[in-house]
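Here are the chains, one letter per residue:
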Amino acid sequence: MKYYLIVGEASGDLHASHLMRALQKEDPQAEFRFFGGDLMKAVGGTLVRHYKDLAYMGFVPVLLHLPTIFRNMSFCKRDIMAWQPDCVILVDYPGFNLKIAKFVHQTRIQNQKEASPQVFYYISPKIWAWKEWRIRSIKRDVDKLFSILPFEVDFYEKRHHFPIHYVGNPTAQEVREFRSNSSPLPSGGDGGGSPIIALLAGSRKQEIKDNLPSMIEAAMPYVGDYQLVVAGAPSISDDFYAPFIEGKPVTLVKNETFPLLAKATAALVTSGTATLEAALFNVPQVVCYKTPVPRLVSFVFKHFFRCKYISLVNLIADREVVRELFASRFSVENIRSELRRLLPGHDARTTMLFDYREVRQRLGDDVASENAAQLMVRHLSRP
């Protein structure tokens, strides 16, 4: 069968590459064509557009690149119709992908072709955080929805009466695989065996610019007893980090987040998948996320957002396991105080490590890519 995949960022490239390998096992005749990245290209098939040509985040960058975005979307639609896949697999990236889902659905109706192409959404849109109104288009345009977060089942099925498959969490599986084949941290990040405070300041330039300086300042009193190591984002150049770490006792490592977390004693983490990675490596953490107009953001989040937390760890546990220093709670003093409580010898560290066990239990041990591939092929194979 023919599978057309659409990915918009590095994490999607990783998860989609695992899904493609799983699809090859279930369907030896699988053909792939995709908007994706280098990891997907390594699996095989045709890379049509690289996700780096799509990844515009934030209002101003999106506005400035609207012509490029529209061209890519138009090309994607034409390419799907020309290739005639059996299914289109959308991976996260809802701003782009939900429009593609709508197009495929409308084309199917116009051509009166009910069987093909099917629309599968792998890594379901996080509409529980915001833009909940998107459920209308999901119900209309998506044939099968696959979740990697267990709490999404209740949201989609109980709240919106739309079926969803929880297939397991790929990050949990990736961490399990790494820990079973672990290797020491390369490129000078182990400081001769000194304990490490890891700084994970996000994957986008604005996040890094907003959060990293305060993270470094908050952790500076612990230099001497601990070394400070920044996990560099794959898509961000070393030159971008230079002004933040130049002249400071801070090491930058690239493409080594898992080895870094495997050695870290504690971490300062910007909200995102990294919060879950730190928990899965049993690294006590402080979640730090600076925003503009912090008091207003805190008010809006408290009164207008349905989700109670910003970190995946707390969302999965459905309670505060890690402290979230977000918006009005974000300050160097607060970060430093919370970090101190998580270092060895403090009760807060022991409590957090105990609570991490619940997070791992809720995620389960299922292999997301394999479960999703089996369900997809089974659905496509039905007469």
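**Student:** Would you mind going over the overall build of the chain in detail, with residue names and values included?
**Tutor:** Helices and strands together make up the secondary structure of the chain, namely 17 helices and 13 strands. What you see for the chain is a C-alpha radius of gyration of 21 Å, in line with the 21 Å of a compact globule of 383 residues. Oriented by its inertia axes, the alpha-carbon framework of the chain measures out at about 70 × 45 × 40 Å. For the chain, restricting intrachain contacts to residue pairs at least 6 apart in sequence, the fraction spanning at least 24 positions comes to 66%. When the accessible surface of the chain is totalled, it reaches about 18,000 Å², and 51% of it is carbon and sulfur.

**Student:** Residues and numbers for the sheet that holds strand β9 (residues 227–232), please.
**Tutor:** If you walk across this open sheet you meet the 6 strands as β10-β9-β8-β11-β12-β13, and the pairing is parallel. Each having just a single partner strand, β10 (250–254) and β13 (323–326) make up the two edges of the open sheet. Strand-to-strand, the axes of this sheet are offset by a mean angle of 25 degrees, without reference to chain direction. In this sheet, β13 lies alongside strand β12 (residues 285–289) in parallel orientation, the contact comprising 4 bridges. If you follow V287 over to β13, its bridge partner there is E324. With respect to the sheet, helix α12 (residues 273–280) is in contact with β8 (196–200), β11 (264–269) and β12, its orientation differing from that of β12 by roughly 175 degrees.

**Student:** Outline the confidence of the model for the chain, listing residues and values.
**Tutor:** Looking at the chain, pLDDT values average 89 and 91% of them are 70 or higher. Across residues 56–62, confidence stays below pLDDT 50; counting only partners more than four residues off in sequence or on other chains, it has 8 contacts. Here residues 186–191 scores under 50 on pLDDT; set against residues more than four positions off or in separate chains, the count is 13 contacts.

**Student:** Got a sec to walk through the pattern of salt bridges? Specific residues and values, please.
**Tutor:** If you walk through the whole model with that rule in mind, you get 16 salt bridges. Measuring nitrogen to oxygen at the nearest pair gives 2.7 Å for the salt bridge that ties R33 to D79. Note that R33 is positioned in strand β2 (residues 31–36) and D79 in helix α4 (residues 66–83), a separation of 46 residues in sequence. Each member of the pair, R33 together with D79, is buried. Across the pair E358 and R319 runs a salt bridge whose closest N-O atoms are separated by 2.7 Å. Of this pair, E358 sits in helix α16 (residues 347–363) while R319 sits in the loop between α14 (312–317) and β13, and the two are 39 residues apart along the sequence. Linked through salt bridges whose partners overlap, the residues forming this network are R319, D355, E358 and R362.

**Student:** Break down the side chain of T107 for me, with residues and values.
**Tutor:** For T107, the position within the fold is in helix α5 (residues 94–111). A polar atom in the side chain of T107 sits 2.8 Å from the backbone oxygen of F103.

**Student:** Describe the packing of helix α9 (residues 205–219) against helix α15 (residues 332–341), with residues and values.
**Tutor:** Where α9 meets α15, the closest approach of the two axes is 8 Å, and the angle between their N-to-C directions is 50 degrees. As the angle between them shows, α9 and α15 are arranged oblique. Viewed along their axes, α9 and α15 form a crossing whose handedness is right-handed. Taking contact as the criterion, the partners of S214, E217, A218 and A219 in α9 are, on α15, V332, I335, R336 and L339.

**Student:** So, α12: which residues are in play, and what are the values?
**Tutor:** Structurally, the α-helix is built with 3.6 residues per turn, so residues lying three or four positions apart point the same way. Of all the 8 residues making up α12, 7 are buried; the element is thus mostly covered by neighbouring parts of the structure. By the burial criterion, the buried members of α12 are A274, T275, L276, E277, A278, A279 and L280. With its phi angle positive at about 60 degrees, N282 sits one or two positions after the end of α12.

**Student:** Report on the sheet that holds strand β1 (residues 2–7), specifying residues and quantitative values.
**Tutor:** Pairing is parallel across the open sheet formed by 7 strands, whose spatial order is β3-β2-β1-β4-β5-β6-β7. Taken across any chain shown, the strands that pair with only one partner, and hence form the sheet edges, are β3 (46–50) and β7 (165–166). Bridge count for strand β4 (residues 87–91) against strand β5 (residues 118–122) is 5 bridges, and the pairing is parallel. Note on β5: the bridge partner recorded for V88 is V119. Sheet strands touched by helix α17 (residues 368–381): β1, β4, β5, β6 (144–147) and β7. Its angle to β5, the strand with the most contacts, is close to 170 degrees.

Rules used throughout
- Residues numbered from 1 in each chain as written.
- Predicted model: local features only at pLDDT ≥ 70, side-chain atom pairs only at ≥ 80, totals over all residues.
- Heavy atoms only, no water.
- Helix = DSSP H or I, 4+ residues; strand = E, 2+ residues; numbered from the N terminus.
- Rg over C-alpha atoms; globule rule 2.2 N^0.38 Å.
- Contact = heavy atoms within 4.5 Å.
- Areas by Shrake-Rupley, 256 points an atom, 1.4 Å probe, with all protein chains shown as cover.
- Pairing = 2+ DSSP bridges.
- Axes fitted to C-alpha atoms, helices over the stretch in contact; angles between N-to-C directions.
- pLDDT = per-residue confidence, 0-100.
- Salt bridge = Lys/Arg side-chain N within 4 Å of Asp/Glu carboxyl O.
- Buried < 20%, exposed > 50% of the residue type's maximum accessible area, 1.4 Å probe, protein only.
- Polar contact = N/O pair within 3.5 Å; in protein donor to acceptor, adjacent residues only side chain to side chain.
- Parallel < 35°, antiparallel > 145°, perpendicular 65-115°, else oblique.
- Left-handed = near helix turned anticlockwise from the far one by under 90°.

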